[in-house]
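# Per-entry structural report
This is what each chain is made of:
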Amino acid sequence: MQEHIVIIGNGISGVTTARHIRKASDKKITIISSETDYFFSRTALMYVYMGHMKYEHTKPYEDYFWKKNRIDLKRAFVKNVDHQNKQLHLSGGEQMSYDKLVLAVGSKPNKFGWPGENLNGVQGLYSKQDLDLLEKNAPNNETCKRAVVVGGGLIGIEMVEMLLTRDIPVTFLVREHSFWNSVLPEGESAMLNRHIKSHHVDLRLGVNLESIQGDAQGNVTSIIIKETGEEIACDVVGLTAGVTPNVDFLKNSGIGIGRGVKVNPMLETNIKDIYAIGDCAEQHEGINGRRPIEAVWYTGRMMGEALAQTLTGNPTPYNPGHWFNSAKFMDIEYQTYGWVFAKPKAGNTHFHWIHKDDDKCITIEMEETSRTFLGINNFDIRLRHELLDKWLTEGRSTDYVLEHLKDANFDPEFYKHYESEILEAYNKAYGTSIVPKKKSWKRIFA
Ligand SMILES: Cc1cc2nc3c(=O)[nH]c(=O)nc-3n(C[C@H](O)[C@H](O)[C@H](O)COP(=O)(O)OP(=O)(O)OC[C@H]3O[C@@H](n4cnc5c(N)ncnc54)[C@H](O)[C@@H]3O)c2cc1C
């Protein structure tokens, strides 16, 4: 009989696994999801609310793709996993058996037991249902006269940007004394504070949410700030204080759980024939200096690709290369390659350059004595991923990277380039006299 692989979760990690299993085998594949019928791009949800695209456009594959590729889709919630009998118990009382099970169940927004967190108008931003809810709660600035967004991370700033496109005034509560400064070095974080404020956001730094107040109908009316006791009237509260693996339904299943589902580099759990990938997977120890849980799109995709190989007879550990990520802070694009920490690690130092217009900057983390290049954050200057990755692998010096920075510049020729300015600042800081090399396509594709 054909082996039946069941995948719980139709996000990027589950779907990547299914697609790659199908490429390499004829196995029976079922994907179960309680969220939507079809896979969509979670990272594009914001653009639907902002009117840049329709929900339909967030689906990377046509609806006929799944049938054509013999990937069965099942819309249901898995209530629990009986690994002894290899059975899943679904909402509605149905059961489904599996030979191999892939847990790709993603994350859920954090809630910290704030008084009032379940009032109408209080919501997270994660799922398609959250998008629909935001459309209902904040269609315009008549229904929603003010929104408060709680939590200064990547999803928080997305939600702020979304609400601004409907001319809804926003108060943004950030616990840290500067935006996302647990991740970003001070100069970058400070630039983003100014950027956020320039969009007329009421940015409150260094404050915590005390409670959310509601009326007799259970609708949110205001929030109270812990440190000052100030009450801010609002109709919507966005809770965007991070995410946690969505593993509550697995708690008594016998599958090893920490913060997420515990896996080894082969993405195996403690139970035979059960694997976990994407946001919900937690490595026993981070691989190649990376974090044990990485709730990012690319990680889900890479894990899905590796696991599909293993499940089709080509055992492949998850072995991510250098860390990279990208995001957008309103008008400012951000990319990161390698490791740049908020404060340089012991023995390392930062080189920081910021453009006079206050909307572009870079920070490089390097070893202090050898000036070995360890990572770069770049804001509103696009760089070539493959080249940065190569330089990190080759252990290049920062002098070399800056000398060849023109090769890494991804922007088309007609964009203004900033390499000379960056190099001038670097030469001044380190007493070097590096001259920028002309861009070389030969080197880029070497
Ligand atoms: C608003 C937003 C913006 C983001 N932007 C970026 C970005 O710019 N760059 C980036 O790298 N990352 C970004 N991320 C993170 C990225 O989207 C996630 O890391 C990625 O989508 C996780 O994929 P996944 O397949 O692991 O899980 P998910 O996409 O969460 O999919 C899991 C699915 O499983 C379903 N499920 C869970 N439990 C069950 C159950 N018991 N039964 C049935 N179904 C179940 C869930 O409903 C869900 O549909 C963003 C996330 C959000 C919310």
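Figured I'd write up the structure that's included with this text. (Residues numbered from 1 in each chain as written. Predicted model: local features only at pLDDT ≥ 70, side-chain atom pairs only at ≥ 80, totals over all residues. Heavy atoms only, no water.)

## Looking at the sheet that holds strand β1 (residues 4–8)
Ordered in space as β3-β2-β1-β7-β19, the five strands form an open sheet in which the pairing is parallel. With partners counted over all chains shown, the strands left at the sheet margins are β3 (71–75) and β19 (274–276), one partner each. When the angles between neighbouring strand axes are averaged without regard to direction, this sheet yields 20°. By the bridge criterion, five bridges tie strand β2 (residues 28–33) to β3 in an arrangement that is parallel. Looking at the pairing, isoleucine 32 lines up with lysine 74 of β3. Of the strands in this sheet, β1, β2 and β3 are in contact with helix α1 (residues 12–24), which crosses β2 at around 170°. (Pairing = 2+ DSSP bridges. Helix = DSSP H or I, 4+ residues; strand = E, 2+ residues; numbered from the N terminus. Axes fitted to C-alpha atoms, helices over the stretch in contact; angles between N-to-C directions. Contact = heavy atoms within 4.5 Å.)

## Looking at the packing of aromatic side chains
With the rule as written, the count across this model stands at 23 aromatic pairs. With a centroid separation of 5.0 Å and an interplanar angle of 35°, the aromatic rings of tyrosine 334 and phenylalanine 379 are classed as tilted. Of this pair, tyrosine 334 sits in strand β22 (residues 332–338) while phenylalanine 379 is found in strand β25 (residues 373–379), placing the two residues 45 residues apart along the sequence. On the accessibility criterion, phenylalanine 379 (0% relative accessible area) is buried. Taking the centre distance of 6.1 Å and the plane angle of 45° together, the rings of tryptophan 353 and tyrosine 418 count as tilted. Of this pair, tryptophan 353 sits in strand β23 (residues 348–354) while tyrosine 418 sits in the loop between α10 (405–408) and α11 (419–430), placing them 65 residues apart in sequence. Taking relative accessible area as the criterion, tyrosine 418 reaches 12% and is therefore assigned buried. The ring of tyrosine 55 carries the charged tip of lysine 128 above its face, separated from the ring centre by 4.5 Å. (Phe/Tyr/Trp six-rings, centres within 6.5 Å; stacked < 30°, edge-to-face > 60°. Buried < 20%, exposed > 50% of the residue type's maximum accessible area, 1.4 Å probe, protein only. Lys NZ or Arg CZ within 6 Å of the ring centre and 35° of its normal.)

## A short note on the nonpolar core
Core analysis: the largest hydrophobic core is formed by 48 residues, its most contacted members being Val81, Leu88, Leu101 and Leu103. Of all the elements, helix α7 (residues 297–311) adds the most residues to this core, at five residues. Setting aside its immediate chain neighbours within four residues, valine 81 contacts Gln87, Leu88, Tyr98, Leu101, Phe249, Leu250, Ser253, Ile255 and Ile274. Cys144, Val160, Val201 and Val236 belong to the second-largest nonpolar core, a separate cluster that totals 39 residues. (Core = buried A, V, L, I, M, F, W, Y, C linked by side-chain atoms within 4.5 Å.)

## Comments concerning the site of the ligand
The environment of the ligand is formed by 32 residues, the closest being Ser13, Glu35, Val78, Tyr126 and Asp279. Side-chain polar atom of aspartate 279 to an oxygen atom of the ligand: 2.7 Å apart, as the coordinates give it. The separation between an oxygen atom of the ligand and a polar main-chain atom of alanine 295 is 3.4 Å. For the ligand, the accessible surface in isolation is 990 Å², of which the surrounding protein chains cover 92%. Secondary structure elements with two or more residues in the shell around the ligand: α1, α5 (154–164), α7 and β21 (324–329). (Near = heavy atom within 4 Å. Polar contact = N/O pair within 3.5 Å; in protein donor to acceptor, adjacent residues only side chain to side chain. Areas by Shrake-Rupley, 256 points an atom, 1.4 Å probe, with all protein chains shown as cover.)

## A few points about the state of the cysteines
Under the definition given, this model contains zero disulfides. Here cysteine 234 is not disulfide-linked; the sulfur of cysteine 144 is the nearest cysteine sulfur, at 7.9 Å. Since its relative accessible area comes to 3%, cysteine 234 is described here as buried. (Disulfide = S-S within 2.5 Å.)

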